[in-house]
Amino acid sequence: MRKRWGDPFNTASITNKSISGKHFPCFEIFEIGANPSVSVEEFPQPSETVIMEYPEQPGLSIKRPVITPKAVIHQKFGSSANYRIEEVKEDVENGCPGLTIPQQAKILYRCHLDLPGLSVTSEPFSRKKDAEQSAARIAVEKQLHIQPSTSDSTPEEASKELVERISGFFTDGFLSSSHPLIGHFGVALKANREHFGMIPISAIASCDVKVNNLCKIIICKAESDPLLVSSLIFNAARKSSELCTADDGLWIWKKVPYSPETIASVNSCDSDSLGFTKIQSLHIPCSIEENVEPLTLDVSDDNYYLDLIAQKLNVRDSSQILVSRTVGKASSELKLYFPLPHVPYCEASSYLYRRTRGNVELMLNQRASYLSGQYIYGNAILANIGYSWKTTSLYHENVSICSYYRMLLAKVPDGYYKLSREAILVSELPTEYTGRSNWRGPTPKDLLSAFCHQHRLLEPVFSVTSNDTESSVSHTLVTSSPLSSTEVIDKIGGDRLDVGHRNLDNSDIFRCKVKILSRKMQLILEGSFADTNRKESDVIHSSALRVLLWFDKYFKQLDIPVETLSSFGSAHGITVSVENVRKEFSLYLSTLGLKQNYCLENSSLESFCKNHPDRKLENGMVMLSIDGLESGIFPLHGSLICIGCAVALVKIGDPEKYYLESKDEFEFEVGTGAVIYQIEACVTQLSVNQTAQFVTDIPSRDVILVAAGETAKHLLEMPLHNCLLEYTLKVLRVAEPLEDRMEQAFFNPSLSKQRVMFAVKHINESSAATLVDFGCGSGSLLDSLLDHATSLEKIVGVDISRKGLTRAAKIIHQKLSQISGMSSIKHAVLYYGSITVPDSHVFGFDIGTCLEVIEHMDEDQASLFGNIALGTFCPRILIVSTPNYEYNPILQRSAAPTMEEKTTPCKFRNHDHRFEWTREQFEHWAIDLSARHNYHVEFSGVGGLADVEPGFASQIAVFRRNSNLCLPAEEKPKMEEDLPRPYELIWEWSNS
């Protein structure tokens, strides 16, 4: 029974005809009316967005985008489209003769667009982007005969247009065009061709964007199903009175034969001769248990590449082949080819909408589907081959195993960052965004957009609000929208913000919300963060990074239930739609879960240590060597460091190495997690020009193959047990942390040097003989004190960072050895321990220092330190410094703040700071401590002036004991004996 277009949809039938013992589905697809029983598919839906209500945001309306000519050109040619702008000066008549200075000529812009086989030039325009769009419009409308896809047609109109377009391909006039289908016609009209004049449906589906867009309008599910696209094309051809279709395959041909002249003209078209060419492609088995393997296509001028692919897939001919959309760059011809699935006696409605009832589900190729975002059935071939525009030449490029794994890596949240930095085995997605000056690689916003694009989600929606006290309505910025710039989103919880024309007030402080939506406008997650920033771009990037890190945690720990991650997200300001996350990522995660092995069961590193008992496993690595003399320039937390790095795969007991990755220069910020933690643990022990070598366990095989490049094919079959990664690093240069660089730009000498001078002054004034530096870090203060003449005889440092203490020991030991005999220092000690834990080693010192330390602690821990220091350690003098939060606007904006701005939230000086206090907060903290522990306190500082707003840049409290001892003399030894000794001795020096 046939139904007419426009009749209500009930069901459609698939007629299965037996051919050579096989069942071949002959599709008959009908119009679809409103059918609430249609189930929701897990794959994304078409990019054209219908006008609809967003359920989480009533009143949010989305209008259909107008695809610009430039977007059409990019879709077809990608980076091959070259836009060149030429300046054109237009003389301006001097309308005022009395002017002594003539008016300058008006500058206009003309665009030259170069495409493969075509060049066009626009008229002059006052704006560059208008000239580019004009050139693209000329190419699209007048030369290429392609039209931008619009989404205003109804399914019925699109169905009629599809019939007309398919029929148009088989007219004599079309054969003189530059459409990629001409190459397929050239093969079909060869005299010795078995299927003379017949075009396989897969050729039409893979070559014409307009056909695919029409299919998506008819049935939106065509976006994710090449089989559905082919069935719609087949049905459209059957409706045409000018075309014929086959009963034994997906063939289409013209009823009325072409004239001999037309056939001769097609066969005489100029085309580059291939000769005999071997094209490397990949075979992706349907079974997840089988490996992806290289496959060679032997293509020649006499072979039809679709026939060759059909042979490799063991099907009868090219009509049995289906083709996916382009994978990766739109300008390439990289596509997946797979056999038409055989679905015996299965109704179309059951197949198209409820596949779980049929057998097609069992044929789903998860890995191939994961790559393309479409349903791919059975074994598939990934090949970069096809006919290009304006020529009948066959475009082709080799596809390697490495290319396949690079595409896999690009789909995970941190993959694009690794690939863009070309450091697969070195870099990690940073955990902190500390500003554009220190960030390396694509911005977090771009990374999140790339991730959404890879998974066919809508572009992230960023809603930026400011604390404009003059208006009760918050400003909202919608960025990276998939829609047009003029008709975007009318309303998302506030008014729209035109960033390009808005004059921001200096007191604006921005916050950002992020929404991630599916193609169906279903909410995936929403992030609402308390972070603020004076720079609108910084708060967007920071929010994007937080969302990306959540996805990264989800992808790398697949055994964690989504509900658990939802709770984790809530703790970090992210609301997750569990059901929608499952729907969008179920297939992707099942594919990744079978391939990734982030935690290896058997550590080769442990085996290495057993065979080399002299080697110590620490920080997930075994250090092999450190070479070179210390330069004295060490990286600190927040430093911008540049290293050279080479990574090789080594097998225990085998001298041969497989070099995987090499970087002459690689920059990252210490402390932000921008590299694997073993590299950071290594380089923080080195100074500039020193080299180190260490080994670690290997990551997943997938990551190894991505980095391997040309050697990936060899490593594919190589067993990786007892293998390690060997890293060779050299520290090339180190830039001081941003906070230090910022302070140095404003103060001479720098604040750090001024703090040292402040400490030296109080040491000598008090004739202090012993000093303990609480939170000594890498020993910068203790090292600096050795450059000054003081009364000190013993110096002690305490810190919770072993790496910092190790570096401090090297620096101080070297300097003390050089100045021995010229310094009053007789004893120096470094302890590993927490300054909030009592220890008798640092009891009763003459002076204690804690410079720029407490802000790195939680506020309750800072108060605990104050109580322990004054109530238990009992130094005669304690000097505590911390940043003055009120001074930050000057450092960050190079201008003094107004009285109104002093109360406005401002960014901390360092991303690692847990808090920064105003003068009033700091004084309250210090006065309360001094009153509780029999001390009196004086306030001072460095950088700025006390009586000039906003005070000192670094505020200092000097605590002095009100009596010589905290306790009576007879109780002091007993008190010292009662104290525990949890501190661990790291280093000790004596001039004897």
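Residues numbered from 1 in each chain as written. Predicted model: local features only at pLDDT ≥ 70, side-chain atom pairs only at ≥ 80, totals over all residues. Heavy atoms only, no water.

A count of helical and extended segments in the protein chain gives 29 helices and 36 strands. Per-residue burial over the protein chain gives 53% buried out of 992 residues. Long-range contacts, defined as pairs at least 24 residues apart, comprise 70% of the intrachain contacts of the protein chain with a sequence gap of at least 6. Working note: accessible area of the protein chain is about 43,700 Å², and carbon and sulfur atoms make up 49% of it. (Helix = DSSP H or I, 4+ residues; strand = E, 2+ residues; numbered from the N terminus. Buried < 20%, exposed > 50% of the residue type's maximum accessible area, 1.4 Å probe, protein only. Contact = heavy atoms within 4.5 Å. Areas by Shrake-Rupley, 256 points an atom, 1.4 Å probe, with all protein chains shown as cover.)

The next point concerns helix α9 (residues 305-312). Taking burial as the measure, the eight residues of α9 include six buried ones, the bulk of the element. The set of residues buried in α9 consists of Y305, L306, D307, L308, I309 and A310. Positive backbone phi, approximately 60 degrees, marks N314, located one or two places after α9.

Spatially, the three strands line up as an open sheet ordered β8-β10-β9, and their pairing is antiparallel. On the outer flanks of this sheet lie β8 (199-200) and β9 (243-245), each paired with one strand and no other. The pairing of β9 with strand β10 (residues 251-254) spans three bridges and is antiparallel. If you follow T245 over to β10, its bridge partner there is I252. Sheet strands touched by helix α7 (residues 226-239): β9 and β10. Its angle to β9, the strand with the most contacts, is close to 130 degrees. (Pairing = 2+ DSSP bridges. Axes fitted to C-alpha atoms, helices over the stretch in contact; angles between N-to-C directions.)

Looking now at the sheet that holds strand β33 (residues 877-883). Taking strand neighbours across the sheet as the criterion, the eight strands line up as β34-β35-β33-β32-β29-β30-β31-β36 in an open arrangement whose pairing is mixed. Edge positions in the open sheet fall to β34 (935-942) and β36 (984-990), since each of these has one partner strand only. Between one strand and the next, the sheet's axes are offset by a mean angle of 15 degrees, whatever the strand orientation. Sheet topology places strand β29 (residues 770-774) next to strand β30 (residues 794-799); five bridges connect them, and they run parallel. Its bridge partner lying in β30, F774 is registered against V798. Each of β30, β31 (827-832) and β36 touches helix α25 (residues 802-819); the most contacted strand, β36, lies at about 5 degrees to it.

A word on a negative patch on the surface. On the surface, E289, E290, E293 and E717 cluster together into a negatively charged patch. By secondary structure assignment, the location of E289 is in the loop between β11 (276-284) and β12 (293-300). (Patch = residues over 30% accessible without salt bridge, like charges linked within 9 Å, V, L, I, M, F, W, Y side chains within 5 Å. Salt bridge = Lys/Arg side-chain N within 4 Å of Asp/Glu carboxyl O. Lys, Arg positive; Asp, Glu negative; His and termini not counted. Charge placed at Lys NZ, Arg CZ, Asp CG, Glu CD.)

Another point: the environment of S750. Mapped onto the fold, S750 is located in the loop between α22 (738-746) and α23 (751-765). Accessibility expressed as a relative area gives 8% for S750, which makes it buried. For the pair formed by S750 and G943, sequence separation is 193 residues and the distance between their alpha carbons is 8.5 Å. In terms of polar contacts, S750 uses its side chain to reach the side chain of S752, at 3.0 Å. (Polar contact = N/O pair within 3.5 Å; in protein donor to acceptor, adjacent residues only side chain to side chain.)

One can describe the packing of helix α14 (residues 444-454) onto helix α15 (residues 536-556) by two numbers: an axis separation of 8 Å at closest approach and a directional angle of 45 degrees. By the angle between their directions, the pair α14 and α15 is classed as oblique. The element α14 and its partner α15 pack so that their crossing is left-handed. Judged by residue contacts, P444, K445, L447, L448 and F451 of α14 engage I540, H541, A544, L545, V547, L548, F551 and F555 from α15. Residues that form the contact of α14 with α15 fall into these classes: 11 nonpolar, one polar and one charged. (Parallel < 35°, antiparallel > 145°, perpendicular 65-115°, else oblique. Left-handed = near helix turned anticlockwise from the far one by under 90°. Nonpolar A, V, L, I, M, F, W, Y, C, P; charged D, E, K, R; others polar.)

A few words now on unusual backbone geometry. N748 connects to P749 through a cis peptide bond whose omega is 0 degrees. For P749, the position within the fold is in the loop between α22 and α23. P950 follows E949 through a cis peptide bond whose omega is 5 degrees. Relative to the assigned elements, P950 resides in the loop between β34 and β35 (954-961). Backbone geometry places N722, a non-glycine residue, at a positive phi of 60 degrees. Within the secondary structure, N722 sits in the loop between α21 (712-716) and β28 (723-735).

Counted under the stated rule, the structure contains 32 salt bridges. Where R127 meets D130, a salt bridge forms, and the shortest distance between an N and an O atom there is 3.0 Å. Its salt-bridge partner being D298, residue K278 comes within 3.0 Å of it at the nearest N-O pair. Of this pair, K278 sits in strand β11 while D298 sits in strand β12, and the two are 20 residues apart along the sequence. Assessed through its relative accessible area of 51%, K278 is described here as exposed. Because the salt bridges share partners, they merge into one network encompassing K216, E223, R325 and R456.

Below, the discussion takes up the nonpolar core. In this structure, I166 and I679 are the most contacted members of the largest nonpolar core, which totals 168 residues. With 10 residues, the single largest contributor to this core is α15. With residues up to four places along the chain from it excluded, the contact list for I679 reads V426, I643, F668, F694, Y727 and L729. In terms of nonpolar packing, the next biggest core, distinct from the first, is built from 38 residues, L751, V756, A768 and A808 among them. (Core = buried A, V, L, I, M, F, W, Y, C linked by side-chain atoms within 4.5 Å.)

Okay, the packing of aromatic side chains next. Applying the stated criterion to the full structure yields 32 aromatic pairs. Relative to Y405, the ring of Y404 lies with its centre 4.9 Å away and its plane at 75 degrees, an arrangement referred to as edge-to-face. Assigned by exposure class, Y404 and Y405 land together as buried. In textbook terms, an aromatic cluster arises when at least three aromatic residues are bridged by ring pairs, as seen for F451, W550, F551, Y554, F555 and F585. Lying across the ring of F666, R421 places its NZ or CZ 4.1 Å from the centre. If you follow R802 out to its NZ or CZ, it ends over the ring of Y832, 4.1 Å from the centre. (Phe/Tyr/Trp six-rings, centres within 6.5 Å; stacked < 30°, edge-to-face > 60°. Lys NZ or Arg CZ within 6 Å of the ring centre and 35° of its normal.)

Turning next to the packing of helix α12 (residues 401-410) against helix α20 (residues 701-708). A packed helix pair is summarised by two numbers, namely the angle formed by the two axes and the spacing between the axes. Direction vectors running N to C along α12 and α20 enclose 120 degrees, while the axes themselves pass 8 Å from each other. By the angle between their directions, the pair α12 and α20 is classed as oblique. In this structure, the crossing between α12 and α20 has a hand that is left-handed. Where α12 abuts α20, its residues C402, Y405, R406, L408 and L409 lie against D702, L705 and V706. Its residues placed into classes, the contact of α12 with α20 shows six nonpolar, no polar and two charged.

Once that is clear, we can look at the pairing of strand β25 (residues 640-651). Counted residue by residue, β25 has 11 buried out of 12 residues, so it is predominantly covered. Looking at chain direction, β25 and strand β26 (residues 657-669) are connected through 10 bridges and run antiparallel. Bridging across to β26, C642 finds its partner in E667. Here 12 bridges tie β25 to β28, and the two strands are oriented antiparallel to one another. Across the sheet, the residue bridging to I641 is V734, located in β28.

By secondary structure assignment, the location of S518 is in the loop between β20 (510-517) and β21 (523-528). Excluding anything up to four places from it in sequence, S518 contacts L457, L458, I524 and E584.

So, on to the environment of R914. Secondary-structure assignment places R914 in the loop between α27 (888-893) and α28 (919-932). Expressed as a C-alpha distance, the spacing of R914 and E855, which sit 59 residues apart in the sequence, is 5.8 Å. Ignoring anything within four residues of it in the chain, the contact list for R914 reads E855, H856, M857, D858 and F908. Within the structure, R914 has its side chain in polar contact with the side chain of D858 (distance 2.8 Å).

A separate point is the confidence of the model for the protein chain. Averaged over every residue, the pLDDT of the protein chain is 79; the share at 70 or more is 79%. In this model residues 1-65 is a low-confidence stretch, pLDDT under 50, and it forms 185 contacts with partners more than four residues away in sequence or in other chains. (pLDDT = per-residue confidence, 0-100.)

Mapped onto the fold, K556 is located in helix α15. For K556, a relative accessible area of 23% puts it in the partly exposed group. With 144 residues separating them along the chain, K556 and V412 place their C-alpha atoms 8.8 Å apart.

Burial analysis of α12 places eight of its 10 residues in the buried class, the great majority of the element. Turning to α12, its buried residues are I401, C402, Y404, Y405, M407, L408, L409 and A410.

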